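Observations on the model geometry
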Amino acid sequence: MKQALSIGAAALALALAGCGGDGDGNSTNLSSATGTSSAPLPQIAAPNNGDWTETVTMTERGGFLMGNPNAPVKLIEYASITCSHCAEFSEQGGAILRDRYVRSGQVSWEYRPYMIFPTDPGIFMLLRCLGPGAFFRVSEQLYADQRTWAGRLQTMPREQAQQLDSMTPQQQAATLLRVTQLDQFFRQRGLPEARMNSCLADSNNLQQLGEITRRATAEDGVGGTPTFIINGEKTDADRWSRLEPLLRNAVGG
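Described in the following lines is the structure provided in the data block. (Residues numbered from 1 in each chain as written. Predicted model: local features only at pLDDT ≥ 70, side-chain atom pairs only at ≥ 80, totals over all residues. Heavy atoms only, no water.)

Overall, the coordinates contain 16 salt bridges when judged by the stated rule. The partner of Glu-219 in a salt bridge is Arg-215, and the shortest N-O contact between them spans 3.1 Å. Of the two residues, Glu-219 and Arg-215 both sit in helix H10 (residues 203-220), four residues apart, roughly one turn of that helix. Judged by relative accessible area, which is 26%, Arg-215 ranks as partly exposed. As a salt-bridge pair, Asp-236 and Arg-242 come within 3.8 Å of each other at their nearest N and O atoms. Residue Asp-236 is classed as partly exposed on the basis of its relative accessible area, which comes to 28%. For Arg-242, a relative accessible area of 35% gives the class partly exposed. (Salt bridge = Lys/Arg side-chain N within 4 Å of Asp/Glu carboxyl O. Helix = DSSP H or I, 4+ residues; strand = E, 2+ residues; numbered from the N terminus. Buried < 20%, exposed > 50% of the residue type's maximum accessible area, 1.4 Å probe, protein only.)

Bringing the pairing of strand E5 (residues 227-230) into the picture now. Alternating residues of E5 divide into Thr-227 and Ile-229 and Phe-228 and Ile-230, and every residue in both groups is buried. As judged from the four bridges shared by strand E3 (residues 73-79) and E5, these two strands associate in the antiparallel manner. Looking across to E5, one finds that Leu-75 is bridged to Ile-230. By the bridge criterion, two bridges tie E5 to strand E6 (residues 233-234) in an arrangement that is antiparallel. Its bridge partner being in E6, Ile-230 is matched across the sheet by Glu-233. In this structure, the hairpin formed by E5 and E6 is closed by a connection of two residues, where Asn-231 is found at a positive phi of approximately 50 degrees. (Pairing = 2+ DSSP bridges.)

Where helix H3 (residues 120-130) contacts H10, the axes come no closer than 10 Å and their chain directions differ by 110 degrees. The angle between H3 and H10 falls in the class roughly perpendicular. Two secondary-structure elements touch here, H3 through Pro-121, Phe-124, Met-125, Arg-128 and Cys-129 and H10 through Asn-205, Leu-206, Gln-208, Leu-209 and Ile-212. In the contact of H3 with H10, the residues fall into seven nonpolar, two polar and one charged. (Axes fitted to C-alpha atoms, helices over the stretch in contact; angles between N-to-C directions. Parallel < 35°, antiparallel > 145°, perpendicular 65-115°, else oblique. Contact = heavy atoms within 4.5 Å. Nonpolar A, V, L, I, M, F, W, Y, C, P; charged D, E, K, R; others polar.)

On their own, these measurements won't tell you what the molecule is for.
Listed below in structure tokens is the structure:
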């Protein structure tokens, strides 16, 4: 954990680098299917003619769960908000996962933060402060514009980057949010300056994020992002084209 989040000029350069899985061969291939059926999924109706994609709650593990809490297929995604591969997954599969699978009531989608890059803590702290209702929508927007805001780290003066090492974790998070101009991004989405500062200064918030990452590594065998777990089994999928057949097979369609 400490090593993964070390701050400094060299670490900042990683923000645009790869973040793939550990490739340790311990994952499970839940299906041998190579294609994906286009047949409609069986539907489980949401209460009061509602929409399962509008049901989002924080879980006891600190993740955000969208969809039917009693869905027969439970998907967990461990992801870094700065990870380029996670952004690719969001672009290629996020909308389909939400609109086809979660909306059916057959699949729930839990996103658990996994901190790899120096920018992850501050962004995740503010996402948590926005609350469950905004989490998936704002995360999708962050992924869509990731190259722009992460790219601003490349123009950060080396002296300023080196100064980060003498700051507290909360000060580091606030500084990196300003460098990436994501403080403006969150203000535009309804997080006032005072509330933002309070969230970033909350050591308990940061500790909880650190515990999510620690448990992911120690208990779930996560070594990179994105990592997907279906009904308790870690998969070897690292992109939407590999994950969707596993989901379809788990649903049974």
